[in-house]
Amino acid sequence: MRPLIAGNWKMNGLSGAAAEVDRLLADFAGSTPDSLDILICPPTTLIAAFASRFENAGLLIGGQDCHPDAFGAHTGDISAEMLIDAGACFVIVGHSERRADHHESDALVRAKAMAALRAGLTPIVCVGESEAQRDAGQAEAVVAQQLKGSLPDTREGDEIVVAYEPVWAIGTGRTPTLADIDAMHASIRRHVGHGVRILYGGSVKPSNAREILARDNVNGALVGGASLTAADFADIIRAA
Ligand code: PGA
């Protein structure tokens with residue numbers, strides 16, 4: 001399966017950040033490698049500029065969230081149609097920071113994923129257990145429940161991407177053991193079937209990318225902090 005390396009910039013990046021992407025591309029002689037998909041999800045304010053500036057370099061651009069509706073009275077929200085209009089082709093939905101900060105339920109995440117499909121975007125649906133849930137031996141059950149509630153019913157092949165991001169691994173420098181990643185990704189694979197890319201996310205960095213990306217059923221990575229620096233993100237891409 002074609003790997004997908006996705007950078008989630010979260011609420012980071014002003015207009016000058018395009019220079020960091022220029023540095024990343026310079027590392028690959030100006031365009032992304034042919035053998036994999038490279039995606040950057042910058043803050044919404046940068047999507048249109050990045051999409052037009054980096055289109056010819058093969059770099060994919062995505063959003064970090066979308067509203068279920070196409071338009072309407074939802075102050076401050078962005079629809080999937082607006083993201084695609086701005087040049088995005090992916091959108092992250094159900095990131096644990098949105099599930100926590102904005103009280104997003106599985107049902108809302110599913111509605112957002114369906115909105116993405118309606119608009120022609122590929123949703124990256126995020127799931128992952130808390131530390132307490134893992135300690136209680138519930139990690140796989142929690143993730144299975146999230147998948148059941150968050151994934152659209154009708155889908156095939158590469159229409160969707162799933163990102164497994166244990167909440168306790170995000171931004172902490174800690175990662176699950178490779179055996180735990182194997183077990184969780186195999187469990188997610190049983191749920192989504194073949195053809196759906198399953199990304200691992202949570203403290204992916206140059207020093208651990210190679211071993212994580214080599215696992216069965218790890219079809220790429222969702223990278224937060226390390227995607228903000230061209231040198232680190234380039235190393236992760238090379239590891240893939
Ligand atoms: P991190 O974030 O790589 O900084 O841990 C990953 C994510 O939240 O997508």
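Preceding block: the structure.
Residues numbered from 1 in each chain as written. Predicted model: local features only at pLDDT ≥ 70, side-chain atom pairs only at ≥ 80, totals over all residues. Heavy atoms only, no water.

**Some remarks on the site of the ligand**
Inference 1: Lys10, His95, Glu165, Gly171 and Ser203 are the nearest of the 13 residues found near the ligand.
Inference 2: Considering the ligand on its own, with 280 Å² of exposed area, one finds that the protein chains cover 95% of that surface.
Inference 3: The residue makeup of the shell around the ligand, split by class, is four nonpolar, seven polar and two charged. (Near = heavy atom within 4 Å. Areas by Shrake-Rupley, 256 points an atom, 1.4 Å probe, with all protein chains shown as cover. Nonpolar A, V, L, I, M, F, W, Y, C, P; charged D, E, K, R; others polar.)

**Looking at the packing of helix H7 (residues 139–150) against helix H8 (residues 178–192)**
Inference 1: Across the interface, H7 lies against H8 with an axial gap of 10 Å and an inter-helix angle of 30 degrees. Taken together, the axis directions place H7 and H8 in an arrangement best described as roughly parallel. Helix-helix and strand crossings are classified by hand; for H7 and H8 the assignment is right-handed. Facing H7, whose interface residues are Ala139, Glu140, Val143, Ala144, Leu147 and Lys148, H8 presents Ala183, Met184, Ser187, Ile188, Arg190 and His191.
Inference 2: By residue class, the composition of the contact of H7 with H8 is seven nonpolar, two polar and three charged. (Axes fitted to C-alpha atoms, helices over the stretch in contact; angles between N-to-C directions. Helix = DSSP H or I, 4+ residues; strand = E, 2+ residues; numbered from the N terminus. Parallel < 35°, antiparallel > 145°, perpendicular 65-115°, else oblique. Left-handed = near helix turned anticlockwise from the far one by under 90°. Contact = heavy atoms within 4.5 Å.)

**Observations regarding helix H10 (residues 230–239)**
Inference 1: All of the buried residues along H10 are Ala230, Phe233, Ala234, Ile236, Ile237 and Ala239.
Inference 2: On its buried side, H10 packs onto strand S1 (4–8), helix H1 (18–27), strand S2 (37–41), helix H9 (206–213) and strand S8 (220–223). (Buried < 20%, exposed > 50% of the residue type's maximum accessible area, 1.4 Å probe, protein only.)

**Things to note about the packing of helix H5 (residues 106–119) against H7**
Inference 1: For the pair H5 and H7, interaxial distance at closest approach is 7 Å and the crossing angle is 50 degrees. Classified by the interaxial angle, the pair formed by H5 and H7 is oblique. Residues Asp106, Ala107, Val109, Arg110 and Ala113 of H5 touch H7, and the partners they reach there are Gln145, Gln146, Lys148, Gly149 and Ser150.
Inference 2: Partitioning the contact of H5 with H7 into residue classes produces three nonpolar, four polar and three charged.

**Concerning the pairing of strand S7 (residues 197–201)**
Inference 1: The element S7 is extensively covered by neighbouring structure, given that five of its five residues are classed as buried.
Inference 2: What you see with S7 is no split at all: Arg197, Leu199 and Gly201 on one side and Ile198 and Tyr200 on the other are buried throughout.
Inference 3: Note: strand S6 (residues 161–164) against S7, four bridges, orientation parallel. Directly across from Val162, in S7, lies its bridge partner Ile198.
Inference 4: Once you follow S6 into H8 and on to S7, the crossover reads as right-handed. (Pairing = 2+ DSSP bridges. Right-handed = clockwise from strand over helix to strand, strands pointing away.)

**Brief notes about the sheet that holds S2**
Inference 1: Reading around the circumference, S1-S2-S3-S4-S5-S6-S7-S8 is the order of the eight strands in this closed barrel, with parallel pairing throughout. Taking each pair of neighbouring strands and ignoring which way they run, the sheet shows an average axis angle of 25 degrees.
Inference 2: In the sheet, strand S4 (residues 90–93) pairs with strand S5 (residues 122–127) via four bridges, with the strands oriented parallel. Within S5, the residue paired with Ile92 across the bridge is Ile124.
Inference 3: Helix-sheet contacts for H7 involve S5 and S6, and the interaxial angle to S5 is about 150 degrees.

**A word on the nonpolar core**
One recurring pattern in soluble globular proteins is that nonpolar side chains are buried together.
Inference 1: One finds Ile5, Phe50, Val162 and Ile188 to be the most contacted residues of the largest nonpolar core, which totals 63 residues.
Inference 2: The biggest single contributor to this core is H10, with six residues.
Inference 3: Residues contacting Ile188, with those up to four places away along its chain left out, are Val143, Leu147, Val162, Tyr164 and Ile198.
Inference 4: Core analysis: the second largest hydrophobic core is formed by twelve residues, Leu4, Leu39, Phe90 and Leu222 among them. (Core = buried A, V, L, I, M, F, W, Y, C linked by side-chain atoms within 4.5 Å.)

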